[in-house]
Amino acid sequence: MNKEIIIIGGGLAGCEAALYLAKAGWMVLLYEMRPEKQTPAHSTAYLAELVCSNSLKSTRLDTASGLLKAEINALGGQLLHIADSCKVPAGQALAVDRDLFAQKVEASISAEPNIELIRQEICILPEVKTILATGPLTSDAMMQTLSQVLGEKHLFFFDAIAPIIEETSIDYSRIYKKDRYDKGDADYLNCAFTKEEYLSFVEALLQGEKHAAHEFENEFFAGLKFNFYENCMPIEELARRGVDTLRHGVMKPMGLETPDGKKPYAVLQLRAENADKTAYNLVGCQTMLRYGAQKAIFRLIPGLENAEFLRFGSIHRNAYLNSPALLKEDFSFKALPHIYLAGQLAGVEGYVECIGSGLVVAKVIAEGLRSLPAETIIGQLWRHLCTTSERKFQPINANFGILPRLGNEPKDKKAKKQMFSQRSLAALGCNNAADGDYSA
Ligand SMILES: Cc1cc2nc3c(=O)[nH]c(=O)nc-3n(C[C@H](O)[C@H](O)[C@H](O)COP(=O)(O)OP(=O)(O)OC[C@H]3O[C@@H](n4cnc5c(N)ncnc54)[C@H](O)[C@@H]3O)c2cc1C
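Residues numbered from 1 in each chain as written. Predicted model: local features only at pLDDT ≥ 70, side-chain atom pairs only at ≥ 80, totals over all residues.

Peer 1: I would appreciate a short explanation of the overall build of the chain in the present structure.
Peer 2: Secondary structure assignment for the chain yields 12 helices and 16 strands. Taken over the C-alpha trace, the chain has a radius of gyration of 22 Å; the compact-globule value for 440 residues is 22 Å, and the two agree within 12%. In terms of overall dimensions, the chain has a C-alpha envelope of 70 × 55 × 40 Å along the principal axes. Within the chain, contacts between residues separated by at least 24 positions form 72% of all contacts whose residues are at least 6 apart in sequence. (Helix = DSSP H or I, 4+ residues; strand = E, 2+ residues; numbered from the N terminus. Rg over C-alpha atoms; globule rule 2.2 N^0.38 Å. Contact = placed C-beta atoms within 7 Å.)

Now the structure itself:
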C-alpha cells in the first residue's frame, strides 16, 4: 500500500492526525498557510495555535470533556500529553500556556522524520489521499473550491471571542480568588456584583454600540446568514434575553461566596491566560461590541475600573460543512473518496473535540478503524457527523446527553456521570483511568 498522505491545515486536528500517521509509518506532507496567510483569529506562525480561550476544559471523569480526554488518550492521542506538559493553574481544568503548547506541538512535528511541513496555502483539492483539516477559518480560496466542488451543501455561522486584560490593571482590593465550590486551587479571580452594579452592567450591555454584521463579511460571505452558535453567544445577546439571564448563566454566583461568607448577586470570573498570570480572560464575555464600548462597559465590572485591554473581544467567521450530507461513514467525501474531513470544519466544536476528530480520521486511514463503541463520547461524536439528519445538522461538543442510557441510573448526578465514564473506558479496554490521568 502507498503510505503517503497530504494533510491540509496544521491546527489541532491536522497536527494530531499528522503525528499519529507518521508514527504509524506514513509519509505526511503537512500544509499550513500561516504565516504567509493569516486567518482573522490566529496571531502567530505556530502550528496548533489556540485562538481563543487557553482552557481545554475539565479533566474530571465526571465531566464529558474529562471523559473525552481519557478516551483520546486511551486511543493513542498525543496532543493532550503535550497540553499536560504546558499546564497553567486553572482548578480542575486543563488550561495551558498557549505559546508553549503551540511551540511544543510544532517541535514534535519538526522532530518527526516522516512529516514534511510546507508553509503554503492550498486552494484546490489534491488528487491523492488527503485529510482536509483547515478548520473554522478555512481560507476563502479553499471555501470557494469547496462550494464549487460540493455544491451548496455547506453552512456557515459566526461566533465571538472574549477580551483579555493586563494583570497589573486589576484592582485586587475588590476581587477575590476562589474556584466554584472550592473545587481546585483558587485559580480564578472573581468580581462580585451587588444588585445595583449588576443591573447597571446589564443595562450598559444592552445600550452598547455593536459592530454591524456586514462589517465582518467579505465578498464571499456577503449575504450569508448571520447566525450565532448557541455556545458562543455574545454577552450582550444573552443580556437581551432577560435581565437575569447572565446571573443564571455565565455570571452565576453559586459556590463563589465572598471571603466574608456572603453570596454576591452575580459574579464574573477571570481566568489566567498564561503560566506567569500576566494576562486574564474575562470568562463568558465574548462580544461583538465596538472597542470603545467594550472599554467603557467592562470597566464597570467591580475590580476592573482601570482595566487595560490586551485584546478586545470580537466576532469571527466560523465555518462547517454539512457532514451527514457530504461524508461516508469513514469521513471521506462521497463525491471525492480520497479526501477525508477532520476537525471543526467537519462539525465537531471545541479544541478537544477537534483533537479527537483528527485522531479518529488518522486511525480510519492507518488501521481501517470503522467504528468506536457506542458507549464512548468519541464514538457518538463520530455517529453524529455521519448519521444525523442533514437538515438538522449542527456542530456538536462532548456531552453526556449523547451517550446511551445506563440500565439502572442512580439518582445522584455525579455518580451517574462517573458510571458513564466507567462504562465508556471499560468499552475501550481500560479500567484504571483516574481524573486527569492521561496514561489510561
Ligand atoms: C475565533 C475562534 C475562537 C474559538 N475559541 C474556542 C475556544 O475558546 N475553546 C474551544 O474549545 N474551541 C474554540 N473554537 C473552536 C475550535 O475548537 C477551534 O477553532 C479549533 O482550533 C479548531 O481546530 P481545527 O483543527 O479544526 O482548526 P484550526 O485549529 O483552526 O486549524 C486549521 C489550520 O488550517 C490552516 N488553514 C486554513 N485554510 C488553509 C488552506 N487553504 N491551506 C493551508 N492551511 C490552511 C489555518 O491557518 C489553521 O492553522 C474557536 C474557534 C474560533 C474560530
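Having seen the model, we can carry on.
Peer 1: Explanation requested: helix H12 (residues 413-427) in the structure shown.
Peer 2: Given 3.6 residues to a turn, an α-helix orients residues that are three or four positions apart in the same direction. With 15 residues, H12 extends 21 Å between its outermost C-alpha atoms, agreeing within 8% with the 21 Å of an ideal straight helix rising 1.5 Å per residue. Listing the buried residues of H12 in full gives Lys 417, Phe 420, Ser 421, Ser 424 and Leu 425. All buried residues of H12 fall inside an arc of 120° around its axis, so they share one side. The secondary structure elements touched by the buried residues of H12 are helix H2 (64-74) and helix H11 (377-387). One or two steps after H12, the chain reaches Gly 429, where phi turns positive at roughly 85°. (Expected span 1.5 Å × (residues − 1). Buried ≥ 20, exposed ≤ 12 C-beta atoms within 10 Å, placed from the backbone. Arc of directions from axis to C-beta.)

Peer 1: Looking at this structure, I do not really get the sheet that holds strand E2 (residues 27-32). What am I missing?
Peer 2: Sheets are built from strands paired through backbone hydrogen bonds, the pairs being either parallel or antiparallel. The strand order across the open sheet built from 5 strands is E6-E2-E1-E7-E16, with neighbouring strands paired in parallel fashion. Of all strands in the sheet, those with a lone pairing partner are strand E6 (115-119) and strand E16 (339-341), marking the two edges. Along the sheet, successive strands turn relative to each other by an average axial angle of 20°, direction set aside. (Pairing = 2+ DSSP bridges. Axes fitted to C-alpha atoms, helices over the stretch in contact; angles between N-to-C directions.)

Peer 1: Looking at this structure, I do not really get the site of the ligand. What am I missing?
Peer 2: By nearness alone, 36 residues border the ligand, and Gly 9, Gly 11, Cys 52, Gly 135 and Gly 343 come closest of all. Elements that contribute at least two residues to the shell around the ligand include exactly helix H1 (12-23), E2, strand E15 (314-320) and helix H10 (351-367). Here the shell around the ligand takes 3 residues from H1, the largest share from any one element. Looking at the shell around the ligand residue by residue, the class counts come to 17 nonpolar, 16 polar and 3 charged. (Near = placed C-beta within 6 Å. Nonpolar A, V, L, I, M, F, W, Y, C, P; charged D, E, K, R; others polar.)

Peer 1: Is there a simple way to think about the environment of Ala 18 in this case?
Peer 2: Along the polypeptide, Ala 18 turns up in helix H1. Judged by local crowding, Ala 18 falls into the buried class, with 32 C-beta atoms found within 10 Å. Distance from Ala 18 to Leu 30, taken between C-alpha atoms, is 7.2 Å for residues 12 residues apart in sequence. Setting aside its immediate chain neighbours within four residues, Ala 18 contacts Ile 7, Val 28, Leu 30, Ile 109 and Ile 115.

Peer 1: I would appreciate a short explanation of the domain arrangement of the chain in the present structure.
Peer 2: Interface size is commonly expressed as the accessible area that is lost once the parts come together. With domains assigned, the chain is organised as domain 1 (4-154 + 321-427) and domain 2 (160-317). Centre-to-centre, using C-alpha coordinates, domain 1 lies 28 Å away from domain 2. Each partner contributes residues to the interface: domain 1 has 20 residues there, and domain 2 has 19 residues. With 3 residues, the top contributor of residues to the side of domain 1 that touches domain 2 is helix H5 (residues 140-150). (Domains from an automatic or database assignment.)

Peer 1: What is the right way to look at unusual backbone geometry in this model?
Peer 2: A negative phi angle characterises most non-glycine residues, just as the trans form characterises most peptide bonds. Geometrically, the link from Arg 34 to Pro 35 is a cis peptide bond, its omega value of 0° lying close to zero. Phi angles above zero are rare outside glycine, and Lys 57 is one such case at about 70°. Phi is positive for Ala 186, close to 55°, though the residue is something other than glycine.

Peer 1: So what exactly am I meant to see when it comes to the pairing of strand E13 (residues 279-282) here?
Peer 2: For a regular strand, side chains alternate in direction, first toward one face of the sheet and then toward the other. With 3 bridges connecting them, strand E9 (residues 164-166) and E13 associate as antiparallel partners. Bridge pairing in E13 places Ile 164 opposite Asn 281. Where strand E12 (residues 266-272) and E13 come together, 3 bridges link them in antiparallel fashion. Note on E13: the bridge partner recorded for Leu 270 is Leu 282.

Peer 1: Explain the nonpolar core to me, please; I cannot follow it from the model alone.
Peer 2: Side chains of a nonpolar character, in soluble globular proteins, are inclined to be buried together. Formed by 128 residues in total, the largest nonpolar core has its most connected members in Ala 17 and Ala 18. Ranked by residue count, the leading element in this core is H10, at 10 residues. Composition of this core by domain shows at least three residues from each of domain 1 (4-154 + 321-427) and domain 2 (160-317). (Core = buried A, V, L, I, M, F, W, Y, C linked by C-beta atoms within 7 Å.)

Peer 1: Looking at this structure, how should I read the packing of H1 against H10?
Peer 2: It is at 7 Å that the axes of H1 and H10 come closest, and there the two elements cross at 35°. Remark: the crossing between H1 and H10 carries right-handed chirality. From H1, Leu 12, Ala 13, Gly 14, Glu 16, Ala 17, Tyr 20 and Leu 21 reach across to H10, where they touch Tyr 351, Cys 354, Ile 355, Ser 357, Gly 358, Leu 359, Val 361, Ala 362, Lys 363, Ile 365 and Ala 366. When its residues are assigned to classes, the contact of H1 with H10 shows 13 nonpolar, 3 polar and 2 charged. (Left-handed = near helix turned anticlockwise from the far one by under 90°.)

Peer 1: How should the confidence of the model for the chain be read in this particular structure?
Peer 2: Taken over all residues, the pLDDT of the chain has a mean of 90, while the share at 70 or more is 91%. The low-confidence segment residues 216-227 (pLDDT under 50) makes 15 contacts with residues lying over four places distant or belonging to another chain. (pLDDT = per-residue confidence, 0-100.)

Peer 1: What should I look at first to understand the sheet that holds strand E3 (residues 55-58) in this one?
Peer 2: Strand order in the open sheet formed by 3 strands is E3-E5-E4, with antiparallel pairing between adjacent strands. In the strand order of this sheet, the two ends are held by E3 and strand E4 (87-88), each with one partner.

Peer 1: Can you walk me through H2 in this structure?
Peer 2: Extensive coverage of H2 is indicated by the burial of 11 of its 11 residues. Restricting attention to buried positions, one finds in H2 the residues Ala 64, Ser 65, Gly 66, Leu 67, Leu 68, Lys 69, Ala 70, Glu 71, Ile 72, Asn 73 and Ala 74. Tucked into the core, H2 has its buried residues touching E3, helix H3 (79-84), H10, H11 and H12. After H2 finishes, the residue Gly 76 shows a positive phi value of roughly 100°.

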